[in-house]
Amino acid sequence: MAGMSPPPEPLPPVPEQAPLPALARWLLLVFAALCLAMGVIGIVVPGLPSTVFILMAGWAAARSSPRLYRWLWFHPLFGSMLRNWANGGRVSRHAKWSATFLMALCALVLWVVHIPRWASISAVVSMACVLVWLWLRPEPQR
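Everything numeric in this text was worked out from a predicted model, so none of it was measured.

**Overview of the nonpolar core**
Turning to step 1, where the next piece is worked out: With 17 residues, the main nonpolar core has Leu-36 and Leu-72 as its most contacted residues.
Turning to step 2, where the next piece is worked out: Listing elements by their share of this core, those giving two or more residues are α1 (22-44), α2 (50-64), α3 (66-74) and α4 (79-86).
Turning to step 3, where the next piece is worked out: The element best represented in this core is α2, accounting for six residues.
Turning to step 4, where the next piece is worked out: Leaving out residues up to four positions away in the same chain, Leu-36 has contacts with Ile-54, Ala-57, Leu-68, Trp-71, Leu-72 and Phe-78.

**Focus: the packing of aromatic side chains**
Turning to step 1, where the next piece is worked out: Across all of its chains, the model carries four aromatic pairs by this definition.
Turning to step 2, where the next piece is worked out: Measuring from centroid to centroid gives 5.7 Å for Tyr-69 and Trp-73, while their planes differ by 45°, and the two rings are tilted. You can see Tyr-69 and its partner Trp-73 sitting in helix α3, four residues apart, about one turn around the helix. For the pair shown, Tyr-69 and Trp-73 are each scored as buried.
Turning to step 3, where the next piece is worked out: Summarising the aromatic geometry, the rings of Trp-85 and Trp-133 are spaced 6.1 Å apart at their centres and angled 50° between planes, so their arrangement reads as tilted. On the criterion of sequence distance, the pair formed by Trp-85 in helix α4 and Trp-133 in helix α6 (residues 117-136) is long-range, its members being 48 residues apart.

What counts, and where the lines are drawn
- Here the residue numbering is sequential within each chain, running from 1 through the sequence in written order.
- The predicted origin of the model limits local features to residues at a pLDDT of at least 70 and limits the giving and counting of side-chain atom pairs to 80 or more, whereas totals for whole chains, interfaces and linings rest on all residues.
- Hydrogens and water are ignored here; the side-chain numbers use all heavy atoms of the structure.
- To qualify as a nonpolar core, a set must consist of buried Ala, Val, Leu, Ile, Met, Phe, Trp, Tyr and Cys residues joined through side-chain atoms within 4.5 Å.
- Buried, partly exposed and exposed residues are distinguished by accessible area as a fraction of the type maximum, computed with a 1.4 Å probe on protein chains only: under 20%, between the cut-offs, and over 50%, respectively.
- What counts as a helix is a DSSP run of H or I of at least four residues, what counts as a strand is a run of E of at least two, and both are numbered from the N terminus.
- Contact between two residues is taken to exist if any of their heavy atoms lie within 4.5 Å; hydrogens are not considered.
- In this analysis, rings of Phe, Tyr and Trp, with Trp reduced to its six-membered ring, are considered paired at centre separations within 6.5 Å, and the interplanar angle assigns stacked below 30 degrees, edge-to-face beyond 60, and tilted for intermediate values.

Dropping the structure here:
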């Protein structure tokens, strides 16, 4: 029938990981929980990178808790970040622009507040390097 869109593609399966010793799994699970908490906080706090923390949470959860990793993998907000990264280190254009805007805002704050000039220059140069790397990452297919 005309005007009907094709059905959405199914989500890719969750990648499998080799099991680790119990102590390592527990430590990685704690790390995953902390990173997930920081990633959620980063959604609302300017300057705190949520994507990086979600990727670290996914990495740790994949090695410690298949259940948590499956939840992250299929999550409506976090899942696309993990799937894009697993598919060749891809970063969405929206994430790139969000990071650019927030880093520019942080750079502006660093120039305005009274901190040693070397510290603000170091931070701005670091952010610029990260942005160059980020914008060179491939983008997911539409």
